[in-house]
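For reference, the chains in residue letters:
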Amino acid sequence: MIVSRLAEPGADGRSPAPVLDLDELDGLSDQDAAARLREDGPNELPVDAGRGVFAIALDVLREPMFLMLVGAGITYVFMGEPADAAILLGSVIIVMGITIVQERRTEHALDALKDLSSPRALVIRDGATRRIAGREVVRGDLVVLKEGDRVPADGLLRQGVHLSVDESLLTGESIPVDKAPSLDASVLDAPGGDASCSIFSGTLVTRGEGVAEVAATGVRSELGKIGKVLANVRQEPTLLQRETARLVRLFATAGVLCCLVVVVAYAVTRGSDAGAWKSGLLAGITMAMSVLPEEFPVILTIFLALGAWRISRAQVLTRRMPAIESLGAATVLCVDKTGTLTQNRMTLRWIADSERHIELPADGVHECGPELLDVLQTAILASKPDPFDPMERALQAAGSAALGSPLAEDDRRLVREYPLTPELPALTHAWRIGAGDTLVVASKGAPEAIADLCGMNPRQRGALMARVVPLASRGLRVLAVARGALSATGLPEDHRELALEFCGLVGFEDPLRPGVPVAVADCRAAGIRVIMITGDYPATAESIARQAGFDRCDAVMTGKELGAMSDRELALRIRDVEVFARAVPAQKLRIVEALIANGEIVAMTGDGVNDAPALKAAHIGIAMGNRGTDVAREAAALVLLDDDFGSIVGAICLGRRVFDNIKKAVAFTLAIHVPIVGLSMIPVFFAGWPLILLPIHVAFLELIIDPTCAIVFEAEGAEADVMRRPPRDPKEQLFSPRTIALSMSRGLSALAICLGVFLWARGHHGDLAVRGLTFATLVLAVLAMIVVNRSWSRSLFAILRTPNVAFRWIAAGAFALLAVMLTVPAVRRLFHFAPVRVGELLFCMGAGAASVLCFELLERYTRRTR
């Protein structure tokens, strides 16, 4: 049964705010929940089931490369060469299989990310609260809702404290509506009604908290009835994807034009009979296949998807793919202190009243006098009965150790809560203890706020702050505690009107996470400024910043100082500030805007509803996964699953690695197409030269190039200097002039050697043997390009010593297939080769490797000299 415990009426006859009571709620049993989940299905909207193998195969067949392979196979059929046609069409199946495996791998990575990012719900089952996946919520579940949560299913509010919900997703009305609990309602009202007890899936809790009984899930919810539009939403392509798509269109157009040029040139140089036109058509198809860089979209799709998956293994969930591109460009990282730099594991270390104090060990509470016990007891009364906040949990733990059971649960009853606000950071509770009419009022909060509530004069305030500063400078989080008593009929609406008396101070220690100093140093080495934003006292913030290794710990700016500055002044001052103290969440947006105005690329962490604007405004918004609200997670591009600062730095390193590997794959693809295009086109313009490459040879090369781009470079580890170089320029193009020039130079060196081998071999062998030797040279050039593109900073010997299992398999497969093609007579005839001597073959293969390696050695020497 749902019970809503309401407070007694106030002096004006109106009831003060109710408080949640979860103690008597059992909720569903696990067995009942499992049965209802089987009966109703998961609590989710219909989604695209993803492409099956058949659909992927159809998409593959629509690709220009495969259409060209099929066209070449049909041409061979008409030329009376069924074996060549069979080989080409067989290569279509092989490349299709590779593509399907890559696509499925990508989809599995995205599915894993989707599972991680699915919304969570706090439910009561078997008398205990637990977090479950939103898809597992069922009819009859009791869902606990708090500010910032997304409502997981339609339901009826049974308990509520100041609960307001934004239902604009369903109604289009941006103003939140208040909700009133009801124990009797059994039918859902229409969305948008004020004082209704109905809540709806997908809407947002903007204020308060409550307990709702789920009435409809999945497609039966109001959101499920409205539309399946959400299932059809497609993610916008990233900047890199748009850039590569334009390049592919450009190359495809060039390929078609070159194909026509080659067909005509072949007919002109070799006669215009039917046989010449057929051979010219094959040469043209080969040319178009060699020009088309169909690997680019594959590179971007797979690298970004698997990059997001790799980053998720570092406890950072990617919600928006462009964030992976932006990570390597971040110049400023703004982080919260509590839980990100520190462990969010508060321990009570200090208790003081007006005259005495005691310093507590980390493992418990020593004996202390009744006055200090009274301070601890008051602090506990000013906390939630079932606390979530780490400081309140620390108070409960200390109270259990020092006081046993200070006040039995049956003897005290919470009558009124005055919540903490940005204007007055103090929490006040009014309790009825026993059967008397007098209420005990307990308040705890920032020392300045408690001083206001107690009406201290300037001298008293000065004395209080003189005690706070030394504690804060040790890194302790200091709260002041006050107490009062009044009649049950005298509760005011504003807790500033309460008559409170100062009790004392409590100090908490939140240790720094062990890896933070190293991570901060890594950021500094990588050219990234770290800025800490906290609501703590300035001395506390300075102490933590000093422990973490910040450069400018003493230049602390308070939220009050920030509020008094203009945007221009803040943009100037923020260049020298790394610590913000006593800052409220709403001020994070101004900090982000000031940094952006200075040309910085900003990453910002946040966890609350008020953090959402700053998370959206930052280039890389990072929400907390453990303590963050749904609103913060939805506004952010990344979600930090373990709330650990070290994970953010690890994600930046991985983001830089992903972008580096994309550039390596792109550079390799551009380079390798140069000799393929050259060997396909140049012989056409010389009447006595045979065609070097046929469609079957280009198809074989694709069997090396595609897996290399998708597997070898994606799996390549980070460069040694990845976190010792400044952030990349966000305007840097993937296809920069330097990348294009370097790739073209490598490709031209390989083309020159291959043509040299071709010309040398023509003086000693027939056309088929010349083709075999030239092709072997090209295959070795391809493998050599893979090696030199694996790293831009390591030596060739270091690259070869660095393991890359995928490259070993591809190299071994290429050598084995090349050996079969050149030595097995039946296969040799299919590829239009002739027997060659082993010595000549080894010479050509060495020339292929040297074509790239010599150029690379020269380029690296020039780079070091420069």
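Just so it is clear, the model here is predicted, and its values are computed rather than measured.

Undergrad: I keep staring at the overall build of the protein chain and nothing clicks. Help me out?
TA: Across its full length, the protein chain carries 30 helices and 22 strands. Residues counted as buried form 54% of the 866 residues belonging to the protein chain. Accessible area for the protein chain stands at about 36600 Å²; split by element, carbon and sulfur atoms hold 59% of it.

Undergrad: How should I be thinking about the confidence of the model for the protein chain in this particular structure?
TA: One rule of thumb: low pLDDT means the predicted coordinates there are not for detailed reading. This prediction gives the protein chain a mean pLDDT of 79; 77% of its residues lie at or above 70. Confidence drops under a pLDDT of 50 for residues 1–18, and excluding neighbours within four residues, the segment shows 43 contacts in the predicted structure. Of the regions scoring below 50 in pLDDT, residues 227–235 engages in 10 contacts with residues more than four places distant in sequence or in other chains.

Undergrad: Got a minute to help me understand the packing of helix α15 (residues 458–473) against helix α17 (residues 538–548) in this structure?
TA: Two packed helices can be described by the angle between their axes and the distance between those axes. Contact geometry for α15 and α17: axes closest at 7 Å, N-to-C directions at 15°. If you check the angle between α15 and α17, you find them roughly parallel. Crossing of α15 against α17: the hand is right-handed. On α17, the residues that touch Val 469, Ala 472 and Ser 473 of α15 are Ala 539, Thr 540 and Ser 543. Looking at the contact of α15 with α17 residue by residue, the class counts come to 3 nonpolar, 3 polar and no charged.

Undergrad: What exactly am I supposed to notice about unusual backbone geometry here?
TA: What is expected of a backbone is that most residues other than glycine have negative phi and most peptide bonds are trans. Even without being a glycine, Arg 582 presents a positive backbone phi close to 50°. Even without being a glycine, His 832 presents a positive backbone phi close to 60°. You can see His 832 is positioned in the loop between α29 (825–830) and α30 (838–865).

Undergrad: For this particular structure, what's the right way to read the packing of aromatic side chains?
TA: To describe a pair of aromatic rings, you give the distance between the ring centres and the angle between the ring planes. Inspection of every chain in the model, using the stated rule, returns 5 aromatic pairs. Judged by centre distance (5.5 Å) and plane angle (50°), the ring pair of Phe 668 and Phe 713 falls under tilted. One end of the pair, Phe 668, is in helix α23 (residues 645–681); the other, Phe 713, is in helix α24 (residues 695–715), with 45 residues separating them in the sequence. For the pair shown, Phe 668 and Phe 713 are each scored as buried. Arranged with centres 5.6 Å apart and planes meeting at 35°, the rings of Phe 775 and Phe 833 form a pair that is tilted. Of this pair, Phe 775 sits in helix α26 (residues 767–789) while Phe 833 sits in the loop between α29 and α30; the two residues are 58 residues apart in sequence, bridging distant segments of the chain. Phe 775 gets classed as buried once you look at its relative accessible area, which sits at 0%.

Undergrad: How should α17 be read in this particular structure?
TA: A turn of α-helix holds 3.6 residues, and therefore any two residues three or four places apart point the same way. For α17, the full list of buried residues reads Ala 539, Thr 540, Ala 541, Ser 543, Ile 544, Ala 545 and Ala 548. The first or second residue beyond α17 is Gly 549, which carries a positive phi of 90°.

Undergrad: Before we go on, may I ask you to explain the sheet that holds strand β18 (residues 556–558) in this structure?
TA: Whether parallel or antiparallel, the strands of a sheet pair through hydrogen bonds between backbone atoms. One open sheet accounts for 8 strands, arranged β8-β22-β21-β20-β9-β17-β19-β18; its pairing is mixed. Here the strands that pair on one side only, and so sit at the sheet edges, are β8 (316–318) and β18. Put simply, the sheet's adjacent strands are angled 20° from each other on average, direction ignored. Bridge analysis of strand β17 (residues 529–533) against strand β19 (residues 579–581) gives 2 bridges, and the strand direction is parallel. Each bridged residue has a counterpart across the sheet, and for Met 532 the counterpart in β19 is Val 579.

Undergrad: How do you make sense of the nonpolar core when you look at a structure like this?
TA: Soluble globular proteins: nonpolar side chains tend toward being buried together. Counting 118 residues, the largest nonpolar core has Leu 333, Phe 550, Phe 645, Phe 668 and Phe 775 as the members making the most contacts within it. A total of 17 residues in this core trace back to one element, the largest contributor, which is α23. Discounting residues that sit within four places of it in the chain, Phe 775 has contacts with Leu 693, His 697, Phe 700, Leu 701, Leu 818, Met 821 and Phe 833. Of all hydrophobic cores here, the second largest spans 34 residues; its members include Ala 352, Leu 424, Val 441 and Ala 472.

Undergrad: Help me understand the sheet that holds strand β15 (residues 477–487) in this model?
TA: If you walk across this open sheet you meet the 7 strands as β11-β10-β16-β15-β14-β13-β12, and the pairing is antiparallel. This sheet does not close on itself; its edge strands, each paired only once, are β11 (357–359) and β12 (412–418). Between one strand and the next, the sheet's axes are offset by a mean angle of 25°, whatever the strand orientation. Here β12 runs beside strand β13 (residues 426–433); their pairing, made up of 6 bridges, is antiparallel. By the bridge assignment, Arg 413 is partnered in β13 with Arg 432. Running over the sheet, α15 touches β10 (347–352), β15 and β16 (501–509) and is turned about 10° from β16.

Undergrad: Is there a simple way to think about the pattern of salt bridges in this case?
TA: Opposite charge on two side chains allows them to pair when their charged atoms are near. Using the criterion set out here, one finds 33 salt bridges in the structure. In this structure, the salt-bridge partner of Asp 30 is Arg 130, at a minimum N-O distance of 2.9 Å. Taken together, the residues Asp 30 in helix α1 (residues 30–40) and Arg 130 in strand β2 (residues 128–133) connect sequence positions 100 residues apart. Assessed through its relative accessible area of 31%, Asp 30 is described here as partly exposed.

Undergrad: Please explain the side chain of Asn 789 as it appears in this structure.
TA: Its place among the elements puts Asn 789 in helix α26. Polar contacts involving the side chain of Asn 789 include one to the side chain of Arg 746, which spans 2.8 Å. Those residues in contact with Asn 789 that lie beyond four places of it in its chain are Lys 664, Ala 667, Phe 668, Phe 713 and Arg 746.

Undergrad: Can you walk me through α15 in this structure?
TA: The first and last C-alpha atoms of α15 sit 22 Å apart over 16 residues, in line with the 22 Å expected at 1.5 Å per residue. Of the residues making up α15, those classed as buried are Leu 464, Met 465, Val 468, Leu 471 and Ala 472. With its buried residues spanning 120° around the axis, α15 presents them on a single face. Of the residues in α15, the exposed ones pointing more than 90 degrees away from the buried face are Arg 459 and Ala 466. Elements in contact with the buried residues of α15: β10, α14 (447–453), β15, β16 and α17. Two or three places before Arg 459, at the opening of α15, Asn 457 has a side-chain oxygen 3.1 Å from that residue's backbone nitrogen. Of the residues trailing α15, Gly 475 is marked for its positive phi of about 90°.

Undergrad: Even after reading the chapter, I still don't get the environment of Arg 320, so can you show me in this structure?
TA: For Arg 320, the location among the structural elements is in the loop between β8 and α10 (322–327). Sequence separation of Arg 320 and Leu 638 is 318 residues, and the distance between their C-alpha atoms is 7.2 Å.

Undergrad: I'm lost on a nonpolar patch on the surface in this one. Help?
TA: Taken together, the side chains of Val 256, Leu 257 and Leu 260 present a nonpolar region at the surface, about 290 Å² in accessible area. Along the chain, Leu 257 turns up in helix α7 (residues 239–270). Among the residues examined, Leu 257 registers a relative accessible area of 51% and is labelled exposed.

Undergrad: Hey, could you run me through the packing of α24 against helix α28 (residues 805–823) in this one?
TA: Where α24 contacts α28, the axes come no closer than 10 Å and their chain directions differ by 175°. By the angle between their axes, α24 is roughly antiparallel relative to α28. Where α24 abuts α28, its residues Phe 700, Ile 704, Pro 707, Thr 708, Ile 711 and Val 712 lie against Ala 806, Phe 807, Ile 810, Ala 814, Leu 817 and Met 821. Here the residues of the contact of α24 with α28 are counted per class, giving 11 nonpolar, 1 polar and no charged.

Undergrad: What's the story with the side chain of Glu 578 in this structure? I'm lost.
TA: Turning to its location among the elements, Glu 578 is positioned in the loop between α19 (567–573) and β19. Side-chain polar atoms of Glu 578 contact the backbone nitrogen of Arg 552, separated by 3.4 Å. Apart from residues no more than four positions distant in its own chain, Glu 578 is found in contact with Arg 529, Val 530, Ile 531, Met 532, Phe 550, Asp 551, Arg 552 and Ala 555.

Undergrad: Looking at this model, I keep getting lost on the pairing of β13. Mind explaining?
TA: Side-chain direction in a regular strand flips from residue to residue, so the side chains alternate between the two faces of the sheet. Burial of β13 is extensive: 7 of the 8 residues sit out of reach of the surface. Alignment of β13 against strand β14 (residues 438–445), held across 7 bridges, turns out to be antiparallel. Following the sheet pairing, Trp 431 is matched in β14 by Val 440.

Undergrad: Explain the environment of Asp 706 here, please?
TA: As for its placement among the helices and strands, Asp 706 is situated in helix α24. Asp 706 sits in the buried class, given a relative accessible area of 7%.

Calculation rules
- Residue numbers here run from 1 along each chain, matching the order of that chain's written sequence.
- Local features are withheld for residues below a pLDDT of 70 in this predicted model, meaning they are given only at 70 or higher, and side-chain atom pairs are given and counted only at 80 or more; totals for whole chains, interfaces and linings count all residues.
- Excluding hydrogens and water, the side-chain values take into account all heavy atoms of the structure.
- A run of DSSP states H or I qualifies as a helix once it reaches four residues; a run of E qualifies as a strand once it reaches two. Both are numbered from the N-terminal end.
- The cut-offs for exposure are 20% and 50% of the maximum accessible area for each residue type, with area from a 1.4 Å probe on protein chains only; residues under the lower value are buried, those over the upper are exposed, and the others partly exposed.
- In short, Shrake-Rupley with a 1.4 Å probe defines the accessible areas, and a residue's cover is counted only from the protein chains shown.
- Known as pLDDT, the predictor's confidence for each residue is given on a scale from 0 to 100.
- The contact criterion used is simple: two residues touch if any of their non-hydrogen atoms lie within 4.5 Å.
- Angles here are taken between N-to-C directions and fall from 0 to 180 degrees, while the axes themselves are lines fitted to C-alpha atoms, restricted in helices to the stretch in contact.
- Under this scheme an angle from 65 to 115 degrees is roughly perpendicular, one under 35 degrees roughly parallel, and one over 145 degrees roughly antiparallel; angles in between are oblique.
- Left-handed describes a crossing in which the near helix is turned anticlockwise from the far one by less than a right angle; the clockwise case is right-handed.
- For this classification, Asp, Glu, Lys and Arg are treated as charged, while Ala, Val, Leu, Ile, Met, Phe, Trp, Tyr, Cys and Pro are nonpolar and the rest, including Gly, are polar.
- Note on aromatic pairs: the rings of Phe, Tyr and Trp (six-membered ring only in Trp) are paired at centre separations within 6.5 Å, and the planes decide the class, stacked below 30 degrees, edge-to-face beyond 60, tilted for the rest.
- DSSP-based pairing: two strands are paired if at least 2 bridges between them are found.
- Put simply, buried Ala, Val, Leu, Ile, Met, Phe, Trp, Tyr and Cys residues joined by side-chain atoms within 4.5 Å make one nonpolar core.
- Salt bridge, as applied in this entry: a Lys or Arg side-chain nitrogen positioned within 4 Å of an Asp or Glu carboxyl oxygen.
- Within 3.5 Å is the distance limit for a polar contact, defined as a pair of N or O atoms, with the added protein rule that one can donate a hydrogen and the other accept it, and that residues adjacent in sequence qualify only through two side-chain atoms.
- Take the residue count of a helix, subtract one, and multiply by 1.5 Å to get its expected span.
- Our arc is simply the arc of the directions from the helix axis toward the C-beta atoms.
- Patches in this entry comprise residues that are over 30% relatively accessible and not in a salt bridge; like charges within 9 Å are linked, as are nonpolar side chains (Val, Leu, Ile, Met, Phe, Trp, Tyr) within 5 Å.

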